[in-house]
Each structure stands twice: as C-alpha cells, then as structure tokens.
Amino acid sequence: MAKLHDMRLKLLIQQEHELISKSQPNDLDLSIVQARCLCWLALLAESHEDQANDAEKRGDTEQAMGWFADSMRLRDVINLVTSIEIPLPDSPDSLDENDELLDGPPILPK
C-alpha cells in the first residue's frame, strides 16, 4: 500500500511539474510554484491526518502515531514554505541588498 501511495505522489509531482512548465515556458514565476506547493502540501497533510484517524479507529495506535507525526512534519514544511518571501518581479523589494551600497559614496583607500 505504501508503494502505491509513493507512486501516486510521484505521479502527482510529475504532473504538477509539467503543468508549471507548460504555463510558464519562458519565465518561471516562483510565487506560482510556491502557491501550488502549498496547495499540495495542505492536501497531503489532510490525507495523513485522515489516515491517522482511520488507524486510531481501528485501534492501531502505532500506525496512527506514524501518520500523525508525518502530518505534523508536513505542517512544519507548510509553515516553512509560507515563510519564504519571494519578491515580485520589478518591485522595489526585488532589488539586491547590495544595490543600496552602490548608491552611497565611494570608499577610497587611505
């Protein structure tokens, strides 16, 4: 059953990769990739929580704890991906941090 789950996950990732590649053939918009990742991660976390609840109902505590732990790891990844700030193209925030240094007075050697 785990192999089937892994194969389905790999297929979903491959399909999503193809969709992103087709929709963004020249420039890859990282905000779109981030949003899609968050959608898939949320679905996976929900699925793992459902599996944990089913295992708990069956009385399989060890399996329930495993599924629950996986769902918590996915929630951690969701929080991490959410916290990544992706600057929008051509926005003032997208300037390199060193650009400010170039605008200042030149530093001359003594």
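Our structure is the block above this text.
First, a word on scope: everything that follows refers to the structure included in this document. Fair warning: this is a prediction, and the values are worked out from it, not measured in the lab. (Residues numbered from 1 in each chain as written. Predicted model: local features only at pLDDT ≥ 70, side-chain atom pairs only at ≥ 80, totals over all residues. Heavy atoms only, no water.)

Our next topic: the overall build of the protein. Within the protein, the regular secondary structure consists of four helices and zero strands. Each helix and strand of the protein, ordered N terminal to C terminal, gives the series α-α-α-α. Considering the protein as a whole, with its 110 residues, one finds that 15% of them fall into the buried category. For the protein, the computed accessible surface area is about 9400 Å², with 59% contributed by carbon and sulfur atoms. (Helix = DSSP H or I, 4+ residues; strand = E, 2+ residues; numbered from the N terminus. Buried < 20%, exposed > 50% of the residue type's maximum accessible area, 1.4 Å probe, protein only. Areas by Shrake-Rupley, 256 points an atom, 1.4 Å probe, with all protein chains shown as cover.)

This brings us to the pattern of salt bridges. One pass over the full model with this rule turns up two salt bridges. Across the pair E49 and R75 runs a salt bridge, and its minimum N-O distance is 3.2 Å. Of the two residues, E49 is situated in helix α2 (residues 30–58) and R75 in helix α3 (residues 61–83); the sequence distance between them amounts to 26 residues. One salt bridge in this structure joins D70 and R73, with 2.5 Å as the shortest N-O distance. Linking D70 with R73, this pair stays in helix α3, spanning three residues, or about one helical turn. Note on D70: relative accessible area 30%, which makes it partly exposed. (Salt bridge = Lys/Arg side-chain N within 4 Å of Asp/Glu carboxyl O.)

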